[in-house]
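# What the coordinates show
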Amino acid sequence: MSYERPPGVGHGPGAEPVPLASSRLAPEGAEASVALRMQILTTEHWSLLASRSLAWNESFSRAAMFLATVTGSIVALALVAQASEFGSSFRLFALVILPVVLFIGVGTVLRIGESNYHDAMCVIGMNRIRAGYLELAPDLERFFVTGIHDDMPGITKTMAVDTRRPLVVHILAATPMMIATLNSVLFGAIVGLLASQFGASNAAALGVAAVGFVVGWMLHAWFARRSIARGPVTWSPQFPSPPEEPTG
C-alpha cells in the first residue's frame, strides 16, 4: 500500500504515514440508490446460480465416475471368473476389487449429499433475493414461477418438486438412492464372498449376502433421513410463506 505525507509534515524518521483513502467504501449515513440495490441483488443472484450449477455438475460427474468404476470392475471380474472357473482365485480377486468400488460409492453418496445441501442453500439465497426484487417492484410478482419464500414450501417450489406425489416417488427417482442401492449390492456381495471363502455353503452365502444388502440399504436410508432432518435447523426463514387460508 502506498502512502502520502500530508502538507506541513516533515520527512524525518519520526513522521507517521497517512493513508491516501479512507477504509470506508461509502460515506457514513449514505443510502444506496434503487439501481445500486438492484445491481447488487442481481450480481448475487447470478453468483448463486453459477454456484448451484457447479454443484449439480459435480454430482453428475461423481455419479458417472462411480458407474464407470462399477462397469469396469464387473468386466474385470468376468474375465477372472472365466480364467479361474469361479474358484478361490476369483473370490480373492473379488474381495480385493469390490471393497475399493464400495469405498468410491460411499464417498459418492457423501459428496452428493453435501452437494444437495449446497444446492438447497443456494435456492434459499435466490428465494430471498426474489423477495428483495418484489420489495423494489411489488407489481412483478405475477411473473415469477419460482419461490419467493425461504422456507420448505418456497424451496420445493423453486426446485419444481411436485408435492402431490408420494415422497417415496421422489426418493426412488433421486440419484443418491440409485448409488445407495448399488452400494448395498456391493456390500452384500462382499459379505457373501467372505462367507463362501470361510467355507459356507452356497445357500448360506446367498443368505448372508441378502442380509448384507438389507443392512447396507438401511444404513444408507438412516444417513439420508438424518441429512434431510438436519437441513431445516441450519437456517432461520426470513421470508416465510403466508399461512394458508381455510377452505370451505
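This one's a predicted model, so the numbers in the text were calculated from it and none came from an experiment.

This part covers the pattern of salt bridges. This structure, assessed with the given rule, holds three salt bridges. Glu58 is the partner of Arg111 in a salt bridge, and the nearest nitrogen-oxygen pair spans 2.8 Å. With Arg111 in helix 2 (residues 88–136) and Glu58 in helix 1 (residues 34–84), this pair connects stretches of sequence that are 53 residues apart. Judged by its relative accessible area of 28%, Glu58 falls in the partly exposed class. Here Asp150 ties to Arg128 by a salt bridge, and the two come within 2.7 Å at their closest N and O atoms. In this pair, Asp150 sits in the loop between helix 2 and helix 3 (152–158) while Arg128 sits in helix 2, placing the two residues 22 residues apart along the sequence. Asp150 sits in the buried class, given a relative accessible area of 0%. Residue Arg128 is classed as partly exposed on the basis of its relative accessible area of 25%.

Close contact between helix 1 and helix 2 brings their axes to 8 Å; oriented N to C, the two are set at 165 degrees. With respect to their mutual orientation, helix 1 and helix 2 come out roughly antiparallel. As helix 1 packs across helix 2, the resulting crossing turns out to be left-handed. Of the residues belonging to the contact of helix 1 with helix 2, the class tally is 29 nonpolar, 15 polar and eight charged.

Attention now moves to the packing of helix 5 (residues 175–197) against helix 6 (residues 202–230). At a minimum axis separation of 7 Å, helix 5 and helix 6 run at an interaxial angle of 145 degrees. Relative to helix 6, helix 5 is oriented so that their crossing is right-handed. Across the interface between the two elements, Met177, Ala180, Thr181, Asn183, Ser184, Val185, Phe187, Gly188, Val191, Gly192, Ala195 and Ser196 from helix 5 touch Ala205, Val208, Ala209, Gly212, Phe213, Gly216, Trp217 and His220 from helix 6. Residues of the contact of helix 5 with helix 6, tallied by class, amount to eleven nonpolar, nine polar and no charged.

On to the confidence of the model for the protein chain, then. In regions of low pLDDT, the predicted coordinates are not meant to be interpreted in detail. On average, residues of the protein chain score 83 in pLDDT, and 84% of them are at 70 or above. Ranking the elements of the protein chain by mean pLDDT puts strand 1 (residues 3–4) last with 42 and helix 5 first with 92. Scored below 50 in pLDDT, residues 1–23 shows twelve contacts in the model against residues more than four places distant or in partner chains.

Assignment of secondary structure puts Leu134 in helix 2. Note on Leu134: relative accessible area 12%, which makes it buried. Between the C-alpha atom of Leu134 and that of Phe144, which follows or precedes it by ten residues, the distance is 9.8 Å. With near-sequence residues (within four places) excluded, Leu134 lies in contact with Leu140, Glu141, Phe144 and Ile148.

As a further point, take the packing of aromatic side chains. For the structure on display, the rule yields two aromatic pairs. Consider the rings of Trp56 and Phe60, whose centres lie 5.6 Å apart with planes at 50 degrees: the pair is tilted. You can see Trp56 and its partner Phe60 sitting in helix 1, four residues apart, about one turn around the helix. Accessibility expressed as a relative area gives 41% for Trp56, which makes it partly exposed.

The rules behind each value
Residues numbered from 1 in each chain as written. Predicted model: local features only at pLDDT ≥ 70, side-chain atom pairs only at ≥ 80, totals over all residues. Heavy atoms only, no water. Salt bridge = Lys/Arg side-chain N within 4 Å of Asp/Glu carboxyl O. Helix = DSSP H or I, 4+ residues; strand = E, 2+ residues; numbered from the N terminus. Buried < 20%, exposed > 50% of the residue type's maximum accessible area, 1.4 Å probe, protein only. Axes fitted to C-alpha atoms, helices over the stretch in contact; angles between N-to-C directions. Parallel < 35°, antiparallel > 145°, perpendicular 65-115°, else oblique. Left-handed = near helix turned anticlockwise from the far one by under 90°. Nonpolar A, V, L, I, M, F, W, Y, C, P; charged D, E, K, R; others polar. Contact = heavy atoms within 4.5 Å. pLDDT = per-residue confidence, 0-100. Phe/Tyr/Trp six-rings, centres within 6.5 Å; stacked < 30°, edge-to-face > 60°.

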